[in-house]
Amino acid sequence: MEWRDGLMEEEVLIVRESGRWTFDFHRSVFARVVGRNIRNLHPISMSSRGERVVVTLSEEEGEELRAWLLLNLHKGFFITELECLEAK
């Protein structure tokens, strides 16, 4: 997807869309920060795309992961957030 182009290694992209949250991590950040615990959140989907790991969560679990990431920013990554606007 276009919004993933040019992401930096330490950047975690968070996209909220249609009641779901998508988290896009570099493999190294994913392994260091959430890798061991991500299955506890029961991801809707999880895939690897090159050097990136993309995780999709329900709204409630996505909010939980986002809050946890915000509390752990000192671990050497930063967050970019996007919210997709839906036509009504």
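Residues numbered from 1 in each chain as written. Predicted model: local features only at pLDDT ≥ 70, side-chain atom pairs only at ≥ 80, totals over all residues. Heavy atoms only, no water.

Before going further, it helps to examine the overall build of the protein chain. Within the protein chain one finds 2 helices and 5 strands. Shown N-terminal to C-terminal, the secondary structure of the protein chain runs as helices and strands in the order β-β-α-β-β-α-β. Considering the protein chain as a whole, with its 88 residues, one finds that 35% of them fall into the buried category. Within the protein chain, counting contacts between residues at least 6 apart in sequence, those at least 24 apart form 59% of the total. Roughly 5700 Å² of accessible area belongs to the protein chain as shown, and the carbon and sulfur atoms make up 49% of that amount. (Helix = DSSP H or I, 4+ residues; strand = E, 2+ residues; numbered from the N terminus. Buried < 20%, exposed > 50% of the residue type's maximum accessible area, 1.4 Å probe, protein only. Contact = heavy atoms within 4.5 Å. Areas by Shrake-Rupley, 256 points an atom, 1.4 Å probe, with all protein chains shown as cover.)

Once that is clear, we can look at the pairing of strand E1 (residues 11–17). One face of the sheet, then the other: side chains in a regular strand alternate in exactly this way. Within E1, 5 of the 7 residues are buried, which leaves the element mostly enclosed by the surrounding structure. Looking at chain direction, E1 and strand E5 (residues 78–83) are connected through 6 bridges and run parallel. Looking across to E5, one finds that Leu13 is bridged to Thr80. Of the strand pairs in this sheet, E1 and strand E2 (residues 20–26) are connected by 5 bridges, and their pairing is antiparallel. Bridging from a neighbouring strand, Leu13 pairs with Asp24 of E2. The turn joining E1 and E2, which pair antiparallel and follow one another in sequence, is formed by 2 residues; a positive phi near 50° is taken by Ser18. (Pairing = 2+ DSSP bridges.)

Okay, the environment of Val12 next. With respect to the helices and strands, Val12 occurs in strand E1. Given a relative accessible area of 0%, Val12 falls into the buried group. Sequence spacing of Val12 and Phe30 is 18 residues, and the spatial spacing of their C-alpha atoms is 8.9 Å. Other than its neighbours up to four places away in sequence, Val12 contacts Asp24, Phe25, Val29, Leu69, Phe77, Phe78, Ile79 and Thr80.

Remark on secondary structure: sheet strands pair via backbone hydrogen bonds, oriented parallel or antiparallel. As summarised here, the arrangement of the 5 strands in space is E3-E4-E2-E1-E5, forming an open sheet in which the pairing is mixed. Only two strands of the sheet have a single neighbouring strand rather than two, namely strand E3 (45–49) and E5. Put simply, the sheet's adjacent strands are angled 15° from each other on average, direction ignored. On top of the sheet, helix H2 (residues 59–71) reaches E1, E2, strand E4 (52–58) and E5; it is set at about 40° to E2, its chief contact. (Axes fitted to C-alpha atoms, helices over the stretch in contact; angles between N-to-C directions.)

What follows concerns the confidence of the model for the protein chain. For the protein chain, the mean per-residue pLDDT works out to 89, and 90% of the residues sit at or above 70. When pLDDT is averaged over each helix and strand of the protein chain, the minimum, 92, is found for E5 and the maximum, 97, for E4. (pLDDT = per-residue confidence, 0-100.)

Even without a glycine there, the phi angle at Ser18 is positive, about 50°. Of note, Ser18 is situated in the loop between E1 and E2. The backbone phi angle of His42 is positive, close to 55°, even though this residue is not glycine.

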